[in-house]
Each structure stands twice: as structure tokens, then as C-alpha cells.
Amino acid sequence: MISFEYPLTEKSRSYLRFETLFLQIKQSIAFEHENDAITYFKSLFELIELSDRSDIRHDLIKDLRALSEEMQSWLAWEQADTEAITALMLEVSELISALLVMSKQLKFFKDSRFLTSLKQRFFIPGGCCNFDLPQFHFWQSQPIEQQKLDAKQWFEHFKTLQQALFLFLKMKRHQGIKSKQYAKSGFFQGEVEHALFIIINIDSALQVYPMVSGHKHRYSVRFMNANAENSHAENIEFEQVFC
């Protein structure tokens, strides 16, 4: 199965973009492969740019508080695992407290001449050449443990935000409402309430992908044939998940 996610609100669009960048940094921060450093810095600078334009902390705090209230109601269930729920509520509470004191100011970046000089060049096609960024190539020649330490310190500013967002999205996906659907002639249209994003799961053997459009109340899916450019797929069965 292949999973495709589509945000139904601007807030969830921002959440998923932040998550994508966090995952790219998580996968590259160990610098196990030759190009991991470029992936790390590119993702870090995109994260800084996105943070300047979209501060998701306040929305995330509100959503975590709502989640905590929901979990409180779970304790009344007869078969509820009260110990696990209480531990999860404590974790959410600690993350909310940490987000409340988290600074929006990216002081770690603005105070670093090294990072600010790199960011200007990283958004230029081919701007990472050694004649453009000799300071970057000098840094790459340092011991790998020093590089990892630097990378960890630079990302530390976003650590709490990452943990809170990962937990919230994990819970939303876990609570997702699943249903089997049928797209006649490759087209499906539906209505939705109280969902941040939709997940579409498709059998990879079908060789199709979805083009989704919509908003928080209505959405449509057009399945495209992956083996024929601009060609609509035939009748398609798929699984949708409202999160």
C-alpha cells in the first residue's frame, strides 16, 4: 500500500510541512552518508524560513490542550488503561509547558555568522560549491563527532516543537476514521467534518496516484495513471482515513 496525505486546513498544511522538514533532519543529522550534511542544512534553513512565516506554537498548544481534555474523558471508560492515559496526559502537559516558554526569536541562527552566510548560498542552485562556500567545506573537514555536536546544538531550538508535533500527529493518525471507497472512472468526491487532513491508501499494484483538492468541508480525488501522462485511471478501490 502507498499512503498519500492531504491537508484540509491551512493549519494542518503547516503542520505537515514542519513534520516533513523535521523528518529530513532526523534522517540526515547523523551524517552517515556523503550528502547528509547538505540535506541537513537545506532542511534546517527551510525550517528557519518557515518558522519566520508561520509560528505554529499557539495552534499546537490549543490542539494539545483539546487532546488532553479528550484523554481526560477516556479515563471514564470501563476498560481504559488509566496508567497509560495518565502517562500520556503528563507528557502532553509537559510539552505544553515547554512550548509556552519557547522563544520565537531564532537567536541561535541570527548570532551565528557561519549559519547566516550559508543560508544565503544554499537557496542558490549549485550554491554549495567549495568556491562559493569555503567555510562550509572547511567545516566538513572537521572530525565527524564535532559536526554532529554542532548539528545537534543548532537543531536544539526546535526540539520541543518537534516532539509536540510528532506526538499530536501520531495521535491524530491513530484516531483516524477509516473507510473503503470506490472511485468511478477514477473520480471520487466527498464531504468531511472535524478533520485536519485525509489519508488515501492505495494498492501499489494499481499503478495510480491521487490528485486531491478541497478544504475542511468538501474534497475531491482524481486518480491518475502513473504509466500514462495526464491519463485518468479506471475504476479504483481505495481506503480513506479522516484524521
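Whatever comes next refers back to the structure up there.
Summary of the structure given here. (Residues numbered from 1 in each chain as written. Predicted model: local features only at pLDDT ≥ 70, side-chain atom pairs only at ≥ 80, totals over all residues. Heavy atoms only, no water.)

### Some details on the overall build of the chain
When helices and strands are counted, the chain shows 9 helices and 7 strands. Overall size of the chain, expressed as C-alpha extent along the three principal axes, is 55 × 55 × 30 Å. Counting over 243 residues, the chain shows a buried share of 43%. Sequence-distant contacts, at least 24 apart, represent 71% of the contacts inside the chain between residues at least 6 apart. Accessible surface for the chain amounts to roughly 14300 Å². Of this, 50% is attributable to carbon and sulfur atoms. In the chain, the 27 positive side-chain charges and the 31 negative ones have mean positions that sit 6 Å from each other. (Helix = DSSP H or I, 4+ residues; strand = E, 2+ residues; numbered from the N terminus. Buried < 20%, exposed > 50% of the residue type's maximum accessible area, 1.4 Å probe, protein only. Contact = heavy atoms within 4.5 Å. Areas by Shrake-Rupley, 256 points an atom, 1.4 Å probe, with all protein chains shown as cover. Lys, Arg positive; Asp, Glu negative; His and termini not counted. Charge placed at Lys NZ, Arg CZ, Asp CG, Glu CD.)

### Some words on the layout of surface pockets
Its boundaries defined by the atoms lining it, the largest pocket holds a volume of some 450 Å³. Lining the largest pocket are 18 residues, with K172, H194, A195, L196 and C243 sitting closest to its centre. Counting residues per element, the ones that place at least two in the lining of the largest pocket are α3 (57–74) and α9 (159–174). No other element matches the 4 residues that α3 contributes to the lining of the largest pocket. Of the residues that constitute the lining of the largest pocket, the class distribution is 8 nonpolar, 4 polar and 6 charged. (1 Å grid on protein atoms, 1.4 Å probe; cavity = no way out; pocket = protein on both sides within 12 Å on 5 of 7 lines; lining within 4 Å. Points joined across faces, edges and corners; volume = space filled by probe spheres on them. Nonpolar A, V, L, I, M, F, W, Y, C, P; charged D, E, K, R; others polar.)

### Side note on the pattern of salt bridges
All told, the structure shown has 10 salt bridges when counted by the stated rule. As a salt-bridge pair, K11 and D63 come within 3.1 Å of each other at their nearest N and O atoms. Of the two residues, K11 is situated in helix α1 (residues 10–28) and D63 in helix α3; the sequence distance between them amounts to 52 residues. Salt-bridge contacts for R57 lead to D55; the nearest nitrogen and oxygen are separated by 2.9 Å. Classification of R57 as buried rests on a relative accessible area of 10%. (Salt bridge = Lys/Arg side-chain N within 4 Å of Asp/Glu carboxyl O.)

### Examining empty space enclosed by the protein
Applying the stated criterion to the full structure yields 1 cavity of 30 Å³ or more. Of the pockets and cavities examined, the largest cavity occupies roughly 110 Å³. The wall of the largest cavity is formed by 14 residues, among which S51, D55, R57, M102 and K104 lie closest to the centre. By residue class, the composition of the lining of the largest cavity is 6 nonpolar, 4 polar and 4 charged.

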